[in-house]
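# Residue-level structure breakdown
Single-letter residue listing:
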Amino acid sequence: MFKKLFGYKEKSVEVIAPVNGDVVDLSEVPDPVFSKKIMGEGTAVKPHDGKVVSPVDGEVVQLFPTKHAIGLKSKSGAEILIHIGLETVSMEGEGFEAHVQQGDQVKVGDPLVTFDLKLVEEKAKSTITPIIITNSNDLSVEGSDKQQAVSGSTILLTVHNE
């Protein structure tokens, strides 16, 4: 009750892997917008399948019309962008299916988007999926040393309010 009354926010949030795959350091992502952390701190995963689940409990704040990217806001205030593949916007939604819409409340592991991995491999620059904390200038972000990500269970990042 006090949390609702006084706008209390969690002090930190664990960002769980949204996809199964190989963890890739952000500096190795072949796109300078991500590798130079222009969008924010984070990590990336080279997916093994085409299923994207929520990495946090929170709200869907943005679902791109092309369904290649989704923005979430955790209860702690962390803003998370999941960008499926690189240069996938040019696919204009082909091969992507959203299971949520803007404004939906989600829990860790809830399905967000499914996509055709083979089609993304054929038509996009890369399948590497950055997971970015877009408001990381206001927060403290710790990465994990995991090399494999299991969606819905592997902790990739811990984000602290300062």
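Residues numbered from 1 in each chain as written. Predicted model: local features only at pLDDT ≥ 70, side-chain atom pairs only at ≥ 80, totals over all residues. Heavy atoms only, no water.

## What to know about the overall build of the protein
Applicable threshold: Per the convention used, a helix needs a DSSP run of H or I reaching at least four residues, while a strand needs a run of E reaching at least two, with both numbered from the N terminus. Radius of gyration: over C-alpha atoms. The globule rule applied is 2.2 Å multiplied by the number of residues raised to the 0.38 power. Remark: exposure states derive from per-residue accessible area (1.4 Å probe, protein chains only) relative to the maximum for the residue type, with buried under 20%, exposed over 50%, and partly exposed in between. Contacts are assigned to residue pairs with any non-hydrogen atoms lying within 4.5 Å of each other. Areas reported as accessible are Shrake-Rupley estimates using a 1.4 Å probe. Residue values count occlusion only from the protein chains shown. All tallies of charge rest on Lys and Arg as positive and Asp and Glu as negative; His and the ends of each chain are not included. The atom standing in for a charge is NZ when the residue is Lys, CZ when it is Arg, CG when it is Asp and CD when it is Glu.
Scanning the protein from N- to C-terminus turns up 3 helices and 14 strands. In terms of C-alpha radius of gyration, the protein reaches 15 Å, essentially the compact-globule figure of 15 Å for 162 residues. The dimensions of the protein, computed from C-alpha atoms along their principal axes, are 50 × 30 × 25 Å. Classification of the 162 residues of the protein by burial places 46% in the buried group. Long-range contacts, defined as pairs at least 24 residues apart, comprise 69% of the intrachain contacts of the protein with a sequence gap of at least 6. When the accessible surface of the protein is totalled, it reaches about 8400 Å², and 48% of it is carbon and sulfur. Positive and negative side-chain charges in the protein, numbering 16 and 24 respectively, have mean positions lying 4 Å apart.

## Section: the nonpolar core
Basically, it comes down to this: Only buried residues count toward a nonpolar core, which is a set of Ala, Val, Leu, Ile, Met, Phe, Trp, Tyr and Cys residues joined through side-chain atoms within 4.5 Å.
Counting residues in hydrophobic clusters, the biggest one holds 32 residues, and the most contacted among them are V15, V52, L72, I80 and L112. Other than its neighbours up to four places away in sequence, I80 contacts V15, P55, V56, I70, G71, L72, S74, I131, I132 and I133.

## Digging into the sheet that holds strand β9 (residues 105-106)
Using the following cut-off: Criterion used throughout: strands pair if DSSP finds at least two bridges between them.
Read from one edge to the other, the open sheet built from 8 strands follows the order β9-β5-β6-β7-β11-β3-β2-β13, with strand pairing classed as antiparallel. Here the strands that pair on one side only, and so sit at the sheet edges, are β9 and β13 (148-149). Where strand β5 (residues 58-63) and strand β6 (residues 69-74) come together, 5 bridges link them in antiparallel fashion. Its bridge partner lying in β6, L63 is registered against I70.

## Overview of the sheet that holds strand β1 (residues 12-16)
Adjacent strands of a sheet form backbone hydrogen bonds with each other and so pair up, either parallel or antiparallel. We apply this condition: As a rule, the C-alpha atoms of each element are fitted with a line to give its axis, helices using only the stretch in contact, and angles between N-to-C directions run from 0 to 180 degrees.
Pairing in this open sheet of 3 strands is antiparallel, and the strands run β1-β14-β12 from one edge to the other. Strand pairing shows two members of the sheet lacking a second neighbour, β1 and β12 (139-143), which therefore form its edges. Direction aside, neighbouring strands of the sheet carry axes that sit 20° apart on average. Looking at chain direction, β12 and strand β14 (residues 155-161) are connected through 5 bridges and run antiparallel. For E142, the partnering residue across the bridge sits in β14 and is T158.

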